[in-house]
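# Structural features, examined
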Amino acid sequence: MACSPPLSVACDPQPTPYQSLQTGQWVKLICGASYQDMPTIRRLAMLYALAGVDCVDVAADMAVVAAARQGLADAQALAQRWARNESLALTHDLKTPAIQHYLSPDLPWLMVSLNDSEDPHFRKAHFDPSLCPPDCHRPCEILCPTQAIQFADASTTHAASPDSSGVIPNLCYGCGRCIAVCPVQNIVAQSHQARPEDFSAADLGLIDAVEIHTQAGRQREFAALWQRLAPWRQHLKLVSISCPDDPHIAAYLQDLYAIMAPLEIPLIWQTDGRPMSGDLGKGTTHATIRLAQKVLAANLPGYVQLAGGTNGYTAAKLRELGLVGASSRAKVDNPDSSSIDSDPIKNNHPQWRIAGIAYGSYARTLVMPILEKLEPILPGLLEAKEVEIALPAEKMRYPEDTLDTTDDLGRSQKTASLSTIDLTDDLKVAIDQARQLVGALKADGEANAPGDVRTP
Ligand code: SF4
Ligand code: SF4
């Protein structure tokens, strides 16, 4: 039986993102199409990469892409270090406190989000604090999930903007909650459009996938953006189309497919149920599930993946409805096949079950408190020296409490080096929390891991 991702060095490799799509266990982290808090994006990318996501979706901003790439590199460095620690301990028949990890160098994929026209994901709140009534109890500040609203007289102003009041743009991802609660309608949304032209040819090498946010009735705008994306297409491994519900959504998505055809990479239809709401409560997941059922019923070419209101209840609800689990399509189309076809294009066709789930505000809210706690120690952990595994066995000392502290300098250094790469309790808790969310869907894929596709 396959291991839960992330996998131990002793288990099969983690499925590739293609395989995750094919087996209905694709999980994406959404950092936010407008979210530009680089330090947080770096940490989220690192944590959820270690938790086994297939894709990290970020704003179309090269500074954000670079932060996410750094987070993925951090995850690689930690995973490699822990794997070495594991092998080192096994070689010397010692118990290791590290949890088991395996992270392929090309995982997860990095996606950027673009919009073909005005869209709630591509906006930021703005207000003039001098127009706020003095007696306002500031519900905007209380409700903002990212502490993007600050007042200069507050005791907890953000380091990014310590001397001013208002919205800190990099921290705002456009959820609109402040706008809805302002008693004097002082807050407005400022829309923006992500421009593919802002990326150079060299930048495109850092991007694996693109997502286009659109809405029914925008065939012309979509076609124009698709045209502008021509230089991108040869670099991409996947394209995702994110669309909210509409009475004519099936016909609209069919039109979009015709615009994109012929498409030589996998396609995801992202069903954007209730945007940026997954952290608000259990019920927010229903809209995206209903929309996913609608899109599945339309039998479009491509994979169907949920977003917009997804949270810790989504996978369980999908399971209850019989909508999760490996797709049988590869086997149905090719009954002689005993495994999933390695050609992603061949399987880029309708699925009768959902291919995956994307988590945004819920994923962020879930781990932020512990990430904030971890922040003081993470830089030191990431800069810790590599273990020198080439040392002769007789020089090894592990664990620390068995060390003869009167040993020579080489032995003491060795022990110190091992100690610095151990997981802290807080980091283990953070990874476990993220893994629980990611694993809620991937657990269904375990029994149907690549090479073990079964017809339901
Ligand atoms: S509540 Fe939402 S829209 Fe308002 S500032 Fe915070 S993140 Fe931005
Ligand atoms: S809720 Fe509106 S009026 Fe009150 S502090 Fe916030 S922006 Fe100002």
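Residues numbered from 1 in each chain as written. Chains lettered and ligands numbered in written order. Predicted model: local features only at pLDDT ≥ 70, side-chain atom pairs only at ≥ 80, totals over all residues.

Taken together, 14 residues lie near ligand 1, and Ala125, Cys144, Cys172, Cys175 and Cys178 sit nearest. A class-by-class count of the residues in the shell around ligand 1 yields ten nonpolar, three polar and one charged. (Near = placed C-beta within 6 Å. Nonpolar A, V, L, I, M, F, W, Y, C, P; charged D, E, K, R; others polar.)

This next bit is on the nonpolar core. Grouped together as the largest cluster of nonpolar side chains are 103 residues, with contacts concentrated most on Leu47, Tyr48, Val56 and Ala68. Those residues within four positions of Val56 in sequence are excluded, and the remaining contacts are Leu29, Cys31, Ala45, Tyr48, Ala68, Pro108, Leu110 and Met111. (Core = buried A, V, L, I, M, F, W, Y, C linked by C-beta atoms within 7 Å. Buried ≥ 20, exposed ≤ 12 C-beta atoms within 10 Å, placed from the backbone. Contact = placed C-beta atoms within 7 Å.)

A word on unusual backbone geometry. Of note, the amide linkage connecting Ala261 to Pro262 takes the cis form, showing an omega dihedral of 0 degrees. Its place among the elements puts Pro262 in the loop between helix H9 (249-260) and strand E10 (267-272). Phi at Arg138 is positive, roughly 60 degrees, even though this residue is not glycine. The residue Arg138 is located in the loop between strand E4 (123-126) and helix H4 (139-143) in this model. Phi angles above zero are rare outside glycine, and Gln185 is one such case at about 50 degrees. Its place among the elements puts Gln185 in the loop between helix H5 (177-181) and strand E7 (188-191). (Helix = DSSP H or I, 4+ residues; strand = E, 2+ residues; numbered from the N terminus.)

The next point concerns the site of ligand 2. Close to ligand 2 lie Phe127, Cys132, Pro133, Cys136, Arg138, Pro139, Cys140, Cys182, Val184, Asn186 and Ile187, which account for all nearby residues. Residue composition of the shell around ligand 2, grouped by class: nine nonpolar, one polar and one charged.

Let us now look at the sheet that holds strand E2 (residues 55-59). With parallel pairing, eight strands are arranged side by side around a closed barrel as E1-E2-E3-E8-E9-E10-E11-E12. On average, adjacent strands in this sheet sit at an angle of 25 degrees to one another, irrespective of strand direction. (Pairing = 2+ DSSP bridges. Axes fitted to C-alpha atoms, helices over the stretch in contact; angles between N-to-C directions.)

A separate point is helix H13 (residues 361-374). Given a rise of 1.5 Å per residue, 14 residues ought to cover 20 Å, and the 20 Å separating the end C-alpha atoms of H13 matches this to within 8%. For H13, the principal kink sits at Met368 and spans about 45 degrees; a proline, Pro369, occurs within the next four residues. Among the residues of H13, Ser361, Tyr362, Ala363, Arg364, Leu366, Val367 and Leu371 are the ones counted as buried. (Expected span 1.5 Å × (residues − 1). Bend = angle between axes of the 7 residues up to and from the residue.)

Right, let's get into the confidence of the model for the chain. Detailed reading of the predicted model is not advised wherever pLDDT is low. Per-residue confidence for the chain averages 79 on the pLDDT scale, and 72% of its residues sit at or above 70. Note that pLDDT drops below 50 for residues 1-11; the model gives that stretch 32 contacts with residues more than four away or on any other chain. Here residues 386-422 scores under 50 on pLDDT; set against residues more than four positions off or in separate chains, the count is 43 contacts. (pLDDT = per-residue confidence, 0-100.)

Residue position: Gly312 is located in the loop between strand E11 (303-307) and helix H11 (314-320). Gly312 gets classed as partly exposed once you count the C-beta atoms within 10 Å, which come to 17. Taking C-alpha positions, Gly312 is 8.8 Å from Ala363, a pair spaced 51 residues apart along the chain. Among residues more than four places away in sequence, those in contact with Gly312 are Tyr362 and Leu437.

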